[in-house]
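Results of the structural survey
Here is how the chains run, residue by residue.
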Amino acid sequence: MDFNARNFELIAFLNYETNSPRATISTNQKYRNKMTRFKSVARMGFDLLIFASLCLSEVALRKWFKPYKRGFFCDDESLRYPYHESTISVFALISIVLAVPSSVMLAVELFKQTATSLGEKRKSGANKGCHLGRRLMQCYTQIGFYLFGLALTLITTHITKYSVGRLRPHFFAVCQPLMSDGSTCSDVRNHDRYIEDYDCIAKNMSANAIAQL
């Protein structure tokens with residue numbers, strides 16, 4: 001009887017530990033942590049999908065869509081400026097647009113989280129850690145918003161430029177237009193005439209593409 005009683009007490013104790021509020025809270029906490037991680041991963045995947053879609057849209061816009069071909073007057077002084085190479089290098093542009101803002105946002109978010117951690121430590125008298133995961137999540141959120149806005153602005157700008165088709169100030173220097181009848185802007189008959197049917201005969205085709213935007 002004593003042996004059976006001890007077994008009964010042991011089984012009852014195990015059942016209590018399994019079904020106790022403490023065990024239930026621990027199980028619920030694990031479930032919440034798992035769901036939080038799943039939501040974070042799903043959110044990051046969705047964000048990356050949207051950003052990739054914007055980048056692909058920009059590539060498709062440049063590759064398959066042609067800008068609106070706008071006409072001109074041969075005596076238009078605003079299109080007779082000389083062509084100059086870009087004064088800002090690609091490296092400098094990437095640094096200004098991506099590296100500098102991202103570095104500033106990263107530094108600000110890390111400083112904010114450090115200040116928050118120090119404040120919690122003073123109030124509670126205990127060190128709760130540096131909250132590295134929260135820091136990285138905040139940095140990801142802020143930088144992600146910036147990159148999303150940057151990509152959206154870039155696409156909107158190019159759509160507007162392609163739709164309007166405004167000619168660049170160095171259009172004549174780059175394009176060297178040839179009319180459908182074989183004449184050029186140096187011919188007197190083309191003065192004060194709005195020309196829409198023309199072809200660019202310049203050899204520098206990359207600069208020619210720039211002139212159409």
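Residues numbered from 1 in each chain as written. Predicted model: local features only at pLDDT ≥ 70, side-chain atom pairs only at ≥ 80, totals over all residues. Heavy atoms only, no water.

**What about unusual backbone geometry?**
Rules: Strands are runs of DSSP state E lasting at least 2 residues, helices are runs of H or I lasting at least 4, and numbering of each runs from the N terminus. Using a 1.4 Å probe on the protein chains alone, a residue whose accessible area is under 20% of its type maximum counts as buried, one over 50% counts as exposed, and one in between counts as partly exposed.
One non-glycine residue, Gln176, lies in positive phi territory at about 50°. Tracing the backbone through its elements, the reader meets Gln176 in the loop between helix 5 (171-175) and strand 2 (177-179). With a relative accessible area of 40%, Gln176 lands in the partly exposed category. Positive phi, close to 60°, is recorded for Asp192, a residue that is not glycine. Take Asp192: it is sitting in the loop between strand 2 and strand 3 (194-195). The exposure class assigned to Asp192 is exposed, which follows from its relative accessible area of 64%.

**A look at the nonpolar core**
Rules: Nine residue types can take part in a nonpolar core, namely buried Ala, Val, Leu, Ile, Met, Phe, Trp, Tyr and Cys, and a core is a set of them joined through side-chain atoms within 4.5 Å. The contact criterion used throughout is that any non-hydrogen atoms of two residues lie within 4.5 Å.
In terms of nonpolar packing, the biggest core is built from eleven residues, these being Phe72, Cys74, Leu79, Leu167, Phe171, Phe172, Cys175, Met179, Cys185, Ile195 and Tyr198. Per-element accounting of this core gives the leading share, three residues, to helix 5. Ignoring sequence-local partners within four residues, the contact set of Met179 consists of Phe72, Cys74, Thr184, Cys185, Asn190, Ile195, Asp197 and Tyr198.

**Let's talk about the state of the cysteines**
Definition in use: Any two cysteine sulfur atoms within 2.5 Å of one another count as a disulfide.
With the rule as written, the count across this model stands at two disulfides. In this model, Cys74 is linked to Cys185 through a disulfide, with the two sulfur atoms separated by 2.2 Å. On the sign convention where negative means left-handed, the S-S torsion of about -70° between Cys74 and Cys185 marks this disulfide as left-handed. Here Cys74 is found in the loop between strand 1 (72-73) and helix 3 (90-124), whereas its partner Cys185 is found in the loop between strand 2 and strand 3, with 111 residues between them in sequence.

**Regarding the UniProt feature "transmembrane region" (unreviewed entry) in the protein**
Test applied: UniProt positions are given in the numbering used here, feature names are shortened, and annotations may be inferred rather than shown by experiment.
UniProt's entry tags residues 41-61, 88-111 and 143-160 with the feature "transmembrane region" (unreviewed entry), counted in the numbering of this structure. Span residues 41-61 is 100% helix and 0% strand, its end C-alpha atoms 30 Å apart. Span residues 143-160 is 100% helix and 0% strand, its end C-alpha atoms 26 Å apart.

**Overview of a nonpolar patch on the surface**
The criterion, for reference: Note on patches: the residues involved have over 30% relative accessible area and no salt bridge, like charges join within 9 Å, and the nonpolar side chains Val, Leu, Ile, Met, Phe, Trp and Tyr join within 5 Å. Under the convention used here, a 1.4 Å probe and the Shrake-Rupley method define accessible areas, while residue burial counts only the protein chains that appear. Counted as salt bridges are all cases of a side-chain nitrogen of Lys or Arg within 4 Å of a carboxyl oxygen of Asp or Glu.
Taken together, the side chains of Val90, Ile94, Leu98 and Leu150 make up a nonpolar region of the molecular surface, amounting to roughly 320 Å² of accessible area. Broken down by element, the nonpolar patch gets its largest block of residues, three residues, from helix 3.

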